[in-house]
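# Structural overview
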Amino acid sequence: VKMLLCLKHVSVAIPEFKCLDEDEDERRTLREVMELISVSTVAVQAGSGQSVLSKSSAKCWVTGEMSHHDILAAKAKGISVILTGHSNSERFYLERLQYALSSVLPAAHVMISEVDSDPLEIV
């Protein structure tokens, strides 16, 4: 996801998986969990996707942003969440939208802003 959207960072929430090892609960590391998870369905929604994604049966959601409690609820249902940032999730679509609009409005000059950027910065 980071590579496709040309991002340095994304936020990831992965459901907790526990295993019993000699009668003790032991939390697995993120790497161990990733090796166990086999995702066959991914739902993608630009912007803030909770209202749409909550109706999906996908085991992984990719969206721009979600509330803390919605992420906890997704994890409790065994759903992984990847957040790209609200603006970043929408910006990826702009070139396709530009092409589509130019196709149906050939007389119009459809432009994508060159100065628009995510208003938040990770420091």
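Preceding block: the structure.
Small disclaimer: the values here were computed from a predicted structure and weren't measured.

Definitions and limits used
Residues numbered from 1 in each chain as written. Predicted model: local features only at pLDDT ≥ 70, side-chain atom pairs only at ≥ 80, totals over all residues. Heavy atoms only, no water. Helix = DSSP H or I, 4+ residues; strand = E, 2+ residues; numbered from the N terminus. Areas by Shrake-Rupley, 256 points an atom, 1.4 Å probe, with all protein chains shown as cover. Patch = residues over 30% accessible without salt bridge, like charges linked within 9 Å, V, L, I, M, F, W, Y side chains within 5 Å. Salt bridge = Lys/Arg side-chain N within 4 Å of Asp/Glu carboxyl O. 1 Å grid on protein atoms, 1.4 Å probe; cavity = no way out; pocket = protein on both sides within 12 Å on 5 of 7 lines; lining within 4 Å. Points joined across faces, edges and corners; volume = space filled by probe spheres on them. Nonpolar A, V, L, I, M, F, W, Y, C, P; charged D, E, K, R; others polar. Pairing = 2+ DSSP bridges. Axes fitted to C-alpha atoms, helices over the stretch in contact; angles between N-to-C directions. Polar contact = N/O pair within 3.5 Å; in protein donor to acceptor, adjacent residues only side chain to side chain. Contact = heavy atoms within 4.5 Å. Core = buried A, V, L, I, M, F, W, Y, C linked by side-chain atoms within 4.5 Å. Buried < 20%, exposed > 50% of the residue type's maximum accessible area, 1.4 Å probe, protein only.

## What to know about the overall build of the chain
For the chain, the count of helices and strands is six helices and six strands. Reading the chain from its N end, one meets helices and strands in the order α-β-β-β-α-β-α-β-α-β-α-α. For the chain, the accessible area works out to roughly 9500 Å², and carbon and sulfur atoms hold 55% of it.

## Focus on a nonpolar patch on the surface
Together, Tyr93, Leu97, Leu101, Val104 and Leu105 make up an exposed nonpolar region whose accessible area comes to about 440 Å². As for its position among the elements, Val104 is in helix α6 (residues 94–104).

## Let's talk about the layout of surface pockets
Its volume calculated, the largest pocket comes out at about 570 Å³. Lining the largest pocket are 23 residues, and of these Leu7, Thr84, Asn88, Asp118 and Ile122 lie nearest its centre. Among the secondary structure elements, those contributing two or more residues to the lining of the largest pocket are α1 (2–5), β5 (60–65) and α5 (86–91). For the lining of the largest pocket, the element with the most residues is α5, which contributes four residues. In terms of residue class, the lining of the largest pocket is made up of ten nonpolar, eight polar and five charged. Of the pockets and cavities examined, the second largest pocket occupies roughly 230 Å³. Forming the boundary of the second largest pocket are 13 residues, of which Leu5, Val44, Val62, Ser89 and Phe92 lie nearest the centre.

## A word on the sheet that holds strand β4 (residues 42–48)
In spatial order, the strands read β1-β6-β5-β4; together these four strands make up an open sheet with mixed pairing. Whereas interior strands pair on both sides, the edge strands pair on one side only; in this sheet they are β1 (11–13) and β4. When strand polarity is set aside, the average angle formed by the axes of neighbouring strands in this sheet is 15 degrees. When β4 meets β5, the two strands line up parallel, connected through five bridges. Following the sheet pairing, Val42 is matched in β5 by Cys60.

## Section: the side chain of Ser89
By the element assignment, Ser89 lies in helix α5. Polar contacts involving the side chain of Ser89 include one to the main-chain amide nitrogen of Gly47, which spans 2.6 Å. In this structure Ser89 touches Ala46, Gly47, Thr63, Gly64 and Thr84, once residues within four positions along its chain are discounted.

## Observations regarding the environment of Leu4
Considering the arrangement of structural elements, one finds Leu4 in helix α1. Along the backbone, Leu4 and Phe92 are 88 residues apart, and their C-alpha atoms lie at a distance of 8.7 Å.

## With respect to the nonpolar core
Ala13, Ala43, Leu53, Ala58, Trp61, Met66, Ile71, Ala74, Ile79, Val81 and Leu83 form the largest nonpolar core, which has eleven residues in total. Only α4 (68–76) and β6 (80–83) provide two or more residues apiece to this core. If we skip the residues at most four places from it in the chain, Leu53 touches Ala43, Val44, Gln45, Trp61, Val62 and Thr63.

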